[in-house]
Amino acid sequence: MLDTNHETCCNVVHEDAVNDCVEQLSDSVVERLSETFKVLADPTRIRILYNLSKRELCVCDLAEILGMTQSAVSHQLRYLKALRLVKSRREGNTIYYRHDDAHTMGLLQMAIDHATHIGAERGNIE
């Protein structure tokens, strides 16, 4: 009896397809890419980056917007800063943060557009 629940291959290597894919990403590029997606996989970091895409904000502002403690926000900002996704500037006693990586912000915006599109297709737009 043929198992139709699993996809099977024709057991023939398609040389043209393999040749099109000979060039692979380096391990270091794959690791950096994986780290970027790990950052974007966290809801709090998504919210922080989204708000920093709108304007420069201090920890107090972000804590208020996100309904979090300043300590929790600071912890995430340190992580994002270490990865060079946000940068800061001091004005008196206040430190303001802004995004520092247009590529990551572009990925974030594409992901937001995708999630919104999928939500619209499923009829649950927020």
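Residues numbered from 1 in each chain as written. Predicted model: local features only at pLDDT ≥ 70, side-chain atom pairs only at ≥ 80, totals over all residues. Heavy atoms only, no water.

Trainee: Could you give an account of the packing of helix H3 (residues 43–54) against helix H6 (residues 102–121), with specific residues and numbers?
Mentor: At a closest axis distance of 11 Å, the pairing of H3 and H6 adopts a crossing angle of 105°. Put simply, H3 runs roughly perpendicular to H6. Contacts from Ile46, Leu49, Tyr50 and Ser53 in H3 reach Met105, Leu108 and Ile112 in H6. Among the residues forming the contact of H3 with H6, the class breakdown is six nonpolar, one polar and no charged. (Axes fitted to C-alpha atoms, helices over the stretch in contact; angles between N-to-C directions. Helix = DSSP H or I, 4+ residues; strand = E, 2+ residues; numbered from the N terminus. Parallel < 35°, antiparallel > 145°, perpendicular 65-115°, else oblique. Contact = heavy atoms within 4.5 Å. Nonpolar A, V, L, I, M, F, W, Y, C, P; charged D, E, K, R; others polar.)

Trainee: I'd like a description of the environment of Tyr97, backed by residues and values.
Mentor: With respect to the helices and strands, the residue Tyr97 is situated in strand E3 (residues 94–99). Judged by relative accessible area, Tyr97 falls into the buried class, the value being 12%. For the pair Tyr97 and Lys81, spaced 16 residues apart in sequence, the C-alpha separation works out to 9.2 Å. Beyond its immediate stretch of four places on either side in the chain, Tyr97 contacts Leu52, Arg55, Glu56, Leu57, Val59, Leu77, Val86, Lys87 and Ser88. (Buried < 20%, exposed > 50% of the residue type's maximum accessible area, 1.4 Å probe, protein only.)

Trainee: I'd like to hear about the nonpolar core, residue by residue, with values.
Mentor: One finds Ile48, Leu49, Leu52, Leu62, Leu77, Leu80 and Val86 to be the most contacted residues of the largest nonpolar core, which totals 18 residues. Sort the elements by how many residues they give to this core and helix H4 (residues 59–66) lands first, with four residues. Those residues within four positions of Leu62 in sequence are excluded, and the remaining contacts are Ile48, Asn51, Leu52, Leu57, Val73 and Leu77. (Core = buried A, V, L, I, M, F, W, Y, C linked by side-chain atoms within 4.5 Å.)

Any link to function would need more than the numbers given here.
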